[in-house]
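Residues per chain are reported as follows:
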Amino acid sequence: MHQRFELPSNNKANILYISKTKIEKGFLPSIHSHPNLEIILIVDNYGFIEINNESIKVEKGDLITVNKNQQHFESNNSLEFYALGLNKLEIENEIKIDENMNIIKLNTEKYEIIKNLYDGIFFEAKKVRNLAIDNIESYVKILLNMLLRFKDIRFHEIENNTNNPSVELCKKIIDANFCSDIDLELLSKRLNISKYQS
C-alpha cells in the first residue's frame, strides 16, 4: 500500500509531498533518490534502509532524515512509514550515520507527538484546500521546531531545486542500468508516471 499526496508548489513551508507506505509481501524495493530533503517516520514494525551499500536497521519510533540526491531504499515485509518531502532544506547535526542520513531514536512520548503531526499532515493533504495548506504549514513548522528541541539538529537552507525530480530519477535509473535493455515502459513503471507524461 502506498499513498502519496503532492502539495501545490506555492506553499510557504516548501512542502513537496507526504506519503504513507506499508511494504507488503511481494513488494520489490527499488533504489531511488529525491531532489529534496525527506524525513521518514517509521510507524510500525521494523525493516532496513539501504544507503551507500550499507543496510541499516530501522524500527517503529525511528525518524530518519535523508538529504537530497541520496540513493536509498526501504525494505522488509510489514514495514510501515510516513515520508515527508521538503524543498530548500538540508539537515546537519552531530549524530550522522554519514553526510546524507541521520537516524533519531524517539522515546514513546516524543514518538506520539511526532506521529500525531504526521497524521495531521497526511489528513490535511487529502483535502488540498487553502485552509488545509495553512494547517499543513503549521504542522510542519511545529515538526521542525520539535526536531530542534529533541536533538542538536541544524537546518541549512539551500537554493531552489530547478530540476524535475522525475527527470533526475530517470537519469539515475539509466546510469545504474546502462548495460540492461531499458525502454520507456520500464522507466514509466519505475517512476510511477505515464509514459506520455512530459
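Asks: What's the story with the sheet that holds strand 5 (residues 54-59) in this structure? I'm lost.
Replies: The strands making up a sheet associate through hydrogen bonds between their backbones, and the pairing can be parallel or antiparallel. Strands sit in the order 5-4-7 across an open sheet of three strands; the sheet is antiparallel. Of all strands in the sheet, those bounded by a partner on one side alone are strand 5 and strand 7 (72-75). Going from strand to strand, the sheet's axes swing by 25° on average, the running direction of each strand aside. Pairing of strand 4 (residues 46-51) with strand 5 involves six bridges; the strand directions are antiparallel. Residue pairing for strand 5: Ile49 is matched across the bridge by Ile56.

Asks: Looking at this model, I keep getting lost on the environment of Ile136. Mind explaining?
Replies: Along the polypeptide, Ile136 turns up in helix 2 (residues 130-150). The class of Ile136 is buried, set by a relative accessible area of 0%. In this structure Ile136 touches Leu7, Ile15, Ile121, Glu124 and Ala125, once residues within four positions along its chain are discounted.

Asks: Looking at this structure, I do not really get the side chain of Glu80. What am I missing?
Replies: Positionally, Glu80 belongs in strand 8 (residues 80-86). Sequence-distant contacts of Glu80, that is, excluding residues within four places in its chain, are made with Lys20, Thr21, Lys22, Leu41, Ile42, Val43 and Asp44.

Asks: Please explain the side chain of His72 as it appears in this structure.
Replies: Structurally, His72 can be placed in strand 7. At 2.8 Å, the side chain of His72 forms a polar contact with the backbone oxygen of Gln70. When residues no more than four places from it in sequence are discounted, the contact partners of His72 are Ser30, Ile31, His32, Ser33, His34, Glu38, Ile49, Glu50, Ile51 and Val66.

Asks: Mind showing me how you'd approach the confidence of the model for the protein chain here?
Replies: Do not read the predicted coordinates in detail wherever pLDDT is low. Scored by pLDDT, the protein chain comes out at a mean of 79, with 73% of its residues at no less than 70. Per-element mean pLDDT across the protein chain ranges from 49 in strand 10 (residues 96-98) up to 94 in helix 1 (residues 108-125). Per-residue pLDDT stays below 50 along residues 94-98; that stretch engages in 13 contacts with residues further than four places along the chain or on separate chains.

So, how was this worked out
Residues numbered from 1 in each chain as written. Predicted model: local features only at pLDDT ≥ 70, side-chain atom pairs only at ≥ 80, totals over all residues. Heavy atoms only, no water. Pairing = 2+ DSSP bridges. Helix = DSSP H or I, 4+ residues; strand = E, 2+ residues; numbered from the N terminus. Axes fitted to C-alpha atoms, helices over the stretch in contact; angles between N-to-C directions. Buried < 20%, exposed > 50% of the residue type's maximum accessible area, 1.4 Å probe, protein only. Contact = heavy atoms within 4.5 Å. Polar contact = N/O pair within 3.5 Å; in protein donor to acceptor, adjacent residues only side chain to side chain. pLDDT = per-residue confidence, 0-100.

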